[in-house]
Every structure is written in C-alpha cells, then in structure tokens.
Amino acid sequence: MAAKDGKIVAIGSDSSLPEADETIDADGNYLIPGIICPHNHMGISRYEHDYHTQYELDMETETKACLAGGVTSFFTFLLQEEPYVPDMDFFVETGEQQSYIDFGFHAIVHQDHHVDEIDALAEEGVRSFKLFFNMYKTSAPELGIGHSDAGRVYTVLKKTAEMENAVVMFHAENDDLGPVKIDEIKGEGRDDLSAWADASPGISQAMQIEQIGMLTEHTGATTYVVHNSMEETVDALGRYNERGVSIHGETLPSFLANHCEDEDVGLWGKISPPIGYKRDQEALWKALRNGTFDHVGTDHCPYQLEFKGPRDGSVWEAPPGDQGLQTFLPLMLSEGVNKNRISMERMVEVCSTNNAKRFGIYPRKGALVEGADADAVIVDLKKEFTVDEDFLYGLDNRWCSAFGRELTGAPTHTIKGGELVVEHNDVLTEGGIGSYLPRYEDGVASAE
C-alpha cells in the first residue's frame, strides 16, 4: 500500500509501488483496513461529571485506546434528555479537539422532542437513531434513558423509511420480564455472572426482536439490533432475514470471547444484555460465519474501577458495561481467527467493511482501495501478550472482562491518514487528529 496526503494512492507488490519517504516492513504479517467500531458510549459515566464534561474526557482517553488497538474510526451514541441539535457544534468541535480517530454519531431517541428533530439531525450528518423498545423502564435509572413503546417505534421507523441511508438501532431486551426474573434469581440466593444471564434469558431478547422484525417489515425501514448475546436471537433474526426483511444483527467480542461460567470474568463481565452460556457463545460464532450476523461492535462503556466495582463483587450492584475498544481486534484475532472460528477475511468484513457500509462511510473507510483514507493496521497472528495495565490505555486501565487474559494475535502498527501513529502499542501522536464523519444522502464526503 502507498499513501499520500492521507489517501491510498496505490495497492500492489513492492515493485509496483512508487518510491516512499518512509516504509514499514510488514513481512509475514497481515495488512488490513482500520477497524471500525459501530457501537460505544462516550460520556456514559455520570458519577463524577455531567454528560458534556465526561464526553470531552472520554473522547481523548478512549480514542487513544482505540488507536492502540487498531480501531481508526468509530460511531458513538449521543445520550441526553435535552434536544441534540442545539449541542451538535459542541459534540463535533469537542470531538475534533480531543479525538485520536475519526468519528460519527448515532442519536438515542428517548424523548418525544428527539423524534421531532430527526430530520434536523440528518441535516447535521446523523442518520442512525437508537431506540430502547420496552427497555429501561425500571432498570439502570442512573443512565437517564427513557424507554420507547410500540407507538414511538412505529413513528420513528415510518419517518426513517423515507430517509436515504437511515438506520434505526435497537436494544432488544424486555424490561417487563426483567424485574420478575431478577426477584426470582435473587430469591435463590444467586449472585454471579450466570445469575445475571438467567435473569435476562435469551427469550427476553428474542421477544423484542420479533416485534422489531414485524414493525420493520410493516414500515419498510432498515433496522439494526445491537449486542445480540444468546442463541435465541440467532433464530429470530435468521427467520426475518430469510423473508427479506432489512433487519441486521450485531454481536460483541465480550460475548464471543467469554461465557458466563468462565471463572476469570466475574463482575467485570456484567453487560446488558448478559453474557450467555457456552452454547450461546458457539451459536454467535456460527452466526458470524454464516451471515446471520454481519456486524461486530464493542458497546464500550468507560467506568472508573471504583464505580464498576471489584471483579468478585455483587453482580446486582454494579453498572452494566464492558471496556472493549482496545481489545476489540486482539480478541477477534486470538479467539476467532487463531482458533479457526472465523477467517481473517470474514473478520475484516464484520469488524470493518460491513460497519462502514451500514453506516454510510464506505468506501472512504473499511477498505484498502485507491482513493480511500489511508487507515490501516498491521497484524501479527503470532504476537503473544497479556491484557493488563501495561497494555491498556483509556479512562481506567485496571479492568475489563478480558483483564489478565493471555492472548495470541495483535496489531503491531496502526496507520491513520497515511501516518504511522502506533508502533508496538506505543502511541506516537497527540490527540486532536480526528475528524467528524457527517453522513448525508450519498454517505460521507471524501476528505479534502
């Protein structure tokens, strides 16, 4: 690959490439497009700061972790009770001042006035919207999320069905069933990760997917179900896919690399929806291979350890969420490619190319082709390392669900805009090099 002025200008063998001012020897390793995370939450921790302050801090610390892990672009969720449009200048300008990577936004629609500003958000370059359908009625009130009923879901789907490149994203989990199951499991005296899994079983996700699928088919919209964690979701999504309904599935490395009976995960694996059992883990890998799921994200939620809680703490007391941006690519290499659960080519599709296509930034991102942004990662499938404080960046480098695990397969170099920015986990640049990726009717514009 040859790059100039931030763009890829040639792809080919050494003999076919132009003379270079700088070269990187990747002999024996893979060169892949920069990884794209379609799902993470900057500013979600409201324990010490308000949302805007925490967003500003996270856009520096978490994007630095991204770069170290080979993630060169992401989409993060906007989440506040107030309207979003008046604050878009803040989100964009603060992001560009802080970020190490390029970024776009999804807007969480959880108030009636958010529905009213969907068209205005599209004019600001936001064309993906998330709904919590029958979720967060009673659980996790500290997140400040309002749930959506079927009427709001229908209204948003109908509106976006008429909008070019619009996607409506869903957290599929049932918060009517949840409190009853939690009381039941607590009554059994259980307090571990498998208890959390049983308190929100696979049917909880599948029940919502059935309704989402029906409404997607009815309206002709495009929908995307985030963080599927159990095998029942595979069946539900697969049936709608077979009928030609434009509903798409995502899963997480947290679910692919762990199951709820792994003794080394503990409280740090508390996520909503929960990490499932071994059978669920195997079903998710199969769904990635056969195309039932076409996307992988992280659902990265940065919390400081004192707020997340100790690994052996109570699963009922901790906030849900894993830190997974920096371990995204290493886990997919170590647990996926190196264990023959997924090919390198398919890994690139579900972690980069398909995410770029679904959210309107392809082929500027997600492919090593002439004219694309020169964002690339060199991968060594034999590199061994431990996920520990020396490896991790971010708001808090003392925890994640994979903390302490020995992995094989990692990025050795990250290239952003044709510049070498990471070498062997050493970040060589400062923040403020990221750009906003607004998406319009024809997708994202080419960089100047």
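The protein goes by Amidohydrolase family protein in an unreviewed UniProt entry, where it is assigned to Natronorubrum aibiense. Taken directly from UniProt, the Cofactor (unreviewed entry) text for the protein runs: "Zn(2+)".

Peer 1: Even after reading the chapter, I still don't get the overall build of the protein, so can you show me in this structure?
Peer 2: Within the protein one finds 14 helices and 17 strands. Here the C-alpha radius of gyration of the protein, 21 Å, is about what a compact globule of 448 residues would show, namely 22 Å. Taken over the C-alpha atoms alone, the protein extends approximately 65 × 50 × 45 Å along its principal axes. When the 448 residues of the protein are sorted by exposure, 60% land in the buried category. Of all intrachain contacts in the protein linking residues separated by at least 6 positions in sequence, the fraction that spans at least 24 positions is 78%. As displayed, the protein has an accessible area near 17100 Å², and 44% of this comes from carbon and sulfur atoms. Within the protein, one finds 35 positive and 78 negative side-chain charges whose respective centroids are separated by 5 Å.

Peer 1: What exactly am I supposed to notice about the sheet that holds strand 13 (residues 406–416) here?
Peer 2: Backbone-to-backbone hydrogen bonds pair the strands of a sheet. The strands run either parallel or antiparallel. The strand order 3-12-13-14-15 describes an open sheet built from 5 strands, whose pairing is antiparallel. For this open sheet the edge positions go to strand 3 (30–33) and strand 15 (426–427), each flanked by a neighbour on one side alone. With 2 bridges joining them, strand 14 (residues 419–423) and strand 15 adopt antiparallel strand pairing. When the bridges of strand 15 are listed, Val 422 appears paired with Val 427. In the packing of helix 1 (residues 51–68) onto the sheet, contacts are made with strand 13, strand 14 and strand 15, and the angle to strand 13 comes to roughly 105°.

Peer 1: What exactly am I supposed to notice about the nonpolar core here?
Peer 2: Inside soluble globular proteins, nonpolar side chains tend to come together where they are buried. In this structure, Ile 32, Phe 74, Met 88, Phe 105, Leu 288, Met 332 and Met 347 are the most contacted members of the largest nonpolar core, which totals 113 residues. Apart from residues lying up to four places away in sequence, Met 88 is in contact with Leu 78, Phe 105, Leu 121, Glu 124, Val 126 and Tyr 436. With 17 residues, the next largest nonpolar core counts Ile 44, Tyr 303, Phe 391 and Phe 403 among its residues.

Peer 1: I would appreciate a short explanation of empty space enclosed by the protein in the present structure.
Peer 2: Here the idea is plain: a probe the size of a water molecule rolls over the atoms and shows the empty space left. Per the counting criterion, the structure on display carries 4 cavities of 30 Å³ or more. Considered as a void within the structure, the second largest cavity measures approximately 100 Å³ in volume. Lining the second largest cavity we find 15 residues, and of these His 300, Gln 323, Gln 326, Leu 392 and Tyr 393 sit closest to its centre. Considering only residue class, the lining of the second largest cavity consists of 7 nonpolar, 6 polar and 2 charged.

Peer 1: Sorry, what's going on with the pairing of strand 5 (residues 71–78) here?
Peer 2: Two faces make up the sheet, and in a regular strand the side chains alternate between them. Among the 8 residues in strand 5, 8 count as buried, and that is most of the element. As defined by bridge partners, strand 4 (residues 35–40) adjoins strand 5 across 4 bridges and the pair is classed as parallel. Bridge pairing in strand 5 links Cys 37 to Phe 74. Crossover connection from strand 4 via helix 1 to parallel strand 5: handedness right-handed.

Scoring rules and cut-offs
Residues numbered from 1 in each chain as written. Predicted model: local features only at pLDDT ≥ 70, side-chain atom pairs only at ≥ 80, totals over all residues. Heavy atoms only, no water. UniProt positions renumbered as here; feature names shortened; annotations may be inferred. Helix = DSSP H or I, 4+ residues; strand = E, 2+ residues; numbered from the N terminus. Rg over C-alpha atoms; globule rule 2.2 N^0.38 Å. Buried < 20%, exposed > 50% of the residue type's maximum accessible area, 1.4 Å probe, protein only. Contact = heavy atoms within 4.5 Å. Areas by Shrake-Rupley, 256 points an atom, 1.4 Å probe, with all protein chains shown as cover. Lys, Arg positive; Asp, Glu negative; His and termini not counted. Charge placed at Lys NZ, Arg CZ, Asp CG, Glu CD. Pairing = 2+ DSSP bridges. Axes fitted to C-alpha atoms, helices over the stretch in contact; angles between N-to-C directions. Core = buried A, V, L, I, M, F, W, Y, C linked by side-chain atoms within 4.5 Å. 1 Å grid on protein atoms, 1.4 Å probe; cavity = no way out; pocket = protein on both sides within 12 Å on 5 of 7 lines; lining within 4 Å. Points joined across faces, edges and corners; volume = space filled by probe spheres on them. Nonpolar A, V, L, I, M, F, W, Y, C, P; charged D, E, K, R; others polar. Right-handed = clockwise from strand over helix to strand, strands pointing away.

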